[in-house]
Amino acid sequence: QVQVVESGGGLVQPGGSLRLSCVASGTIFNIALQGWFRQAPGKERELVAVITGDRTHYADSVKGRFTISRDNARNSVSLQMNSLEFEDTAVYYCNTKGLWRFGSPPFDSWGQGTQVTVSS
């Protein structure tokens, strides 16, 4: 079983910055993809950014403001969020996909989420 734990959320003023971190732990053979999603009140969960190998993909709404990065040795992924806007307020979830052992079915694990609130 793979556990995913996020940290780093909080309250920030518009234009401010936050850094989210996520660590995957447990029996892990390899990680194929890690990413961040978010869900605002009354809205569906949406992709924010994902990273696989050295490739990244961002939602249009965060391009140029957010940066996703991985630390393969620690099975961790971070999301640096700059120039935060009111619309970025949401619960942010970390997602990790990979194999827990060679040849196993893939795992697809989610964290419990961390709240990001952008408010003046």
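Quick caveat: nothing in here was measured; it's all calculated off a predicted structure.

Asks: How should I be thinking about the overall build of the chain in this particular structure?
Replies: Within the chain one finds zero helices and 11 strands. Reading the chain from its N terminus to its C terminus gives the helix and strand order β-β-β-β-β-β-β-β-β-β-β. Relative to its length of 120 residues, the chain is compact, with a C-alpha radius of gyration of 14 Å against a globular reference of 14 Å. For the chain, the C-alpha atoms occupy an extent of roughly 50 × 25 × 25 Å along the three principal directions. Residues classed as buried in the chain amount to 40% of the 120 residues present. Long-range pairs, those at least 24 residues apart, make up 56% of the contacts in the chain with a sequence separation of at least 6. Summed over all atoms, the accessible surface of the chain reaches about 6500 Å², with 49% contributed by carbon and sulfur. Looking at charge distribution, the chain has the averaged site of its 11 positive side-chain charges lying 6 Å from that of its 10 negative ones.

Asks: Teacher, can you tell me more about the environment of Gln39 here?
Replies: Inspection of the secondary structure assignment puts Gln39 in strand E4 (residues 30–39). Look at Gln39 and you get partly exposed, because its relative accessible area is 29%. In this view, Gln39 contacts Glu44, Arg45, Ala90, Val91 and Tyr93; residues no more than four positions away in its chain are not counted. At 3.1 Å, the side chain of Gln39 forms a polar contact with the backbone oxygen of Lys43.

Asks: Which parts of the structure should I look at to understand unusual backbone geometry?
Replies: For residues besides glycine, phi is generally negative; the peptide bonds are generally trans as well. A positive phi angle, near 50°, is found at Asn75, a position not held by glycine. Positive phi is not limited to glycine here, since Ser83 has a value of about 50°. Following the sequence through the fold, Ser83 ends up in the loop between strand E8 (76–81) and strand E9 (90–99).

Asks: Sorry, what's going on with the state of the cysteines here?
Replies: A covalent bond bridging the sulfur atoms of two cysteines is what the word disulfide describes. Following the criterion strictly, the structure yields one disulfide and no others. Each disulfide pairs two cysteine sulfurs, and for Cys22 the partner residue is Cys94, the sulfurs being separated by 2.0 Å. The chirality of the disulfide connecting Cys22 with Cys94 is left-handed, given an S-S dihedral of about -75°. With Cys22 in strand E3 (residues 18–26) and Cys94 in strand E9, this residue pair connects regions lying 72 residues apart in the sequence.

Asks: Where do I start with the nonpolar core in this structure?
Replies: Note that soluble globular proteins tend to have their nonpolar side chains buried in a common cluster. Ranked by size, the top nonpolar core spans 29 residues in total, and within it Trp36, Val48, Phe66, Ile68, Leu79, Met81 and Tyr92 carry the most contacts. Ranked by the residues each element gives to this core, the list is headed by E3, at four residues. Excluding anything up to four places from it in sequence, Phe66 contacts Arg38, Val48, Tyr58, Leu79, Gln80, Met81, Asn82, Leu84, Asp88 and Tyr92.

About the thresholds
- Residues numbered from 1 in each chain as written.
- Predicted model: local features only at pLDDT ≥ 70, side-chain atom pairs only at ≥ 80, totals over all residues.
- Heavy atoms only, no water.
- Helix = DSSP H or I, 4+ residues; strand = E, 2+ residues; numbered from the N terminus.
- Rg over C-alpha atoms; globule rule 2.2 N^0.38 Å.
- Buried < 20%, exposed > 50% of the residue type's maximum accessible area, 1.4 Å probe, protein only.
- Contact = heavy atoms within 4.5 Å.
- Areas by Shrake-Rupley, 256 points an atom, 1.4 Å probe, with all protein chains shown as cover.
- Lys, Arg positive; Asp, Glu negative; His and termini not counted.
- Charge placed at Lys NZ, Arg CZ, Asp CG, Glu CD.
- Polar contact = N/O pair within 3.5 Å; in protein donor to acceptor, adjacent residues only side chain to side chain.
- Disulfide = S-S within 2.5 Å.
- Core = buried A, V, L, I, M, F, W, Y, C linked by side-chain atoms within 4.5 Å.

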